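Overview (structure and organization)
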Amino acid sequence: YEHCARFHNQPLPKIDWKGLKANEPPGRIRFLSTVEYGALIAAAHEGLRPIIICAVSTGLRKDNILSLDWQQVNLAERVIQVKRTKAGRAHMVKIGAALMGALSRTPVAQRRGRVFDRTNLKRRWLAALEGAGIEDFRFHDLRHTFASWARIDGADLADLKEALDHSSIGSTLRYAHVQPETHRTAFDRVSDRLMGTISDT
C-alpha cells in the first residue's frame, strides 16, 4: 500500500489493522515419551548421547548446552552455572544422576574447554531421529520434554519457571495443561493434615 502512495500517487485505503490482527497460535509442545527417549538414546551416536541427556536433564536451551565450558561445571557440587541465558542473566541448574554419569565418563585430564562434542551435530541428530523412528521432533523439544516430565512428576508452575529461567510465569503457563500423574489439590493436602491430627488425638 505504501508503494502505491509513494510511486503512483494513490491514496491509502483506511484499514483497521488492529481488527485484522490474528491471535498468535498456542505454543507448540511436543515431548518424548519414555519409550521414545530410550529409542532416541539407543539410536544416537555416542558423541550425541551426552548432549541429549543434558538437554532432557536440565531443560537448558541448545545454545547454552553447546557453548558449555568445563569451568561452568562443578561435579563436586553437582551444579552447572550458565553464564548468560536468553533472559540475559546467570542461571544455575542441578546435575542429576543420569547427567552425572554422562559427564563423569570424560577423564579428569580432558575436562577443559567445551564439554560436548559438536562434530556433525545436525547429521547425527537427524540420523538418531530416523533410527529411533521419531517424527515431528526438534532439538528444542528436548527442553519441552524436561518441563513436561517434571510437571507430570509433580513440579508446580513456580518450580518450572525457575528451572526454565523464564522471565515471567506467562511463558511457563504453556505447561499448565500437563497434569501430574498423582495430582493432590490444596484441599487434599489440608485434609490429610487434619486426618493426621485426628489420629494423634
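Quick note: structure is the one above.
Residue numbering note: each chain is counted from 1, following its sequence as written. Local features in this predicted model are restricted to residues of pLDDT 70 or higher, and side-chain atom pairs are both shown and tallied only at a pLDDT of 80 or more, whereas totals for entire chains, interfaces and linings draw on every residue. Note that the side-chain values use all heavy atoms of the structure and ignore hydrogens as well as water.

Observations concerning the sheet that holds strand β2 (residues 79–82)
- Strand pairing is assigned whenever DSSP identifies at least 2 bridges connecting the two strands. Where helices and strands are cited, they refer to DSSP runs of H or I of at least four residues and of E of at least two residues respectively, numbered from the N terminus. Judged by pairing direction, the sheet is antiparallel, and its three strands sit side by side in the order β1-β2-β3 without closing on themselves. Because the sheet does not close on itself, it has two edges, and the strands there are β1 (73–74) and β3 (91–94).
- Two strands pair when backbone bridges link them, and β2 and β3 are joined in this way by four bridges, in the antiparallel orientation. Looking across to β3, one finds that V79 is bridged to K94.

Let's talk about the packing of helix α3 (residues 34–43) against helix α7 (residues 121–132)
- The angle between two axes is taken between their N-to-C directions and runs from 0 to 180 degrees, where each axis is a line fitted to C-alpha atoms and a helix contributes only its stretch in contact. Two elements in contact, α3 and α7, have axes whose closest approach is 8 Å; the angle formed by their N-to-C orientations is 125°. Between α3 and α7, the crossing angle belongs to the class labelled oblique. For the pair α3 and α7, the crossing hand works out as right-handed. Between α3 and α7, the residues in contact are A39, L40 and A43 and W125, A128, L129, G131 and A132, respectively. An angle counts as roughly parallel when it lies under 35 degrees, as roughly antiparallel when it exceeds 145, as roughly perpendicular when it falls between 65 and 115, and as oblique in every other case. Here a crossing is taken to be left-handed if its near helix is turned anticlockwise relative to the far helix by less than a right angle, and right-handed if that turn runs clockwise. By definition, residues are in contact when any of their heavy atoms lie within 4.5 Å.

Observations concerning the pattern of salt bridges
- A pairing counts as a salt bridge when a side-chain nitrogen of Lys or Arg comes within 4 Å of a carboxyl oxygen of Asp or Glu. Taken as a whole and assessed by the stated rule, the structure comprises three salt bridges.
- Note that R124 is salt-bridged to D117, the shortest N-O span being 3.2 Å.
- Buried residues are those whose accessible area, probed at 1.4 Å on protein chains only, stays under 20% of the maximum for their type, while exposed residues exceed 50% and partly exposed ones sit between those limits. In this structure R124 comes out as buried when scored by relative accessible area, which is 15%.
- Assessed through its relative accessible area of 35%, D117 is described here as partly exposed.
- Across the pair K161 and E162 runs a salt bridge, and its minimum N-O distance is 3.7 Å.

So, unusual backbone geometry
- Phi at R78 takes a positive value of approximately 60°, unusual for a residue other than glycine.
- Turning to its location among the elements, R78 is positioned in the loop between β1 and β2.
- You can call R78 partly exposed: its relative accessible area is 40%.
- A positive phi is found at N120, a non-glycine position, where the angle reads about 50°.
- The residue N120 is located in the loop between α6 (97–104) and α7 in this model.

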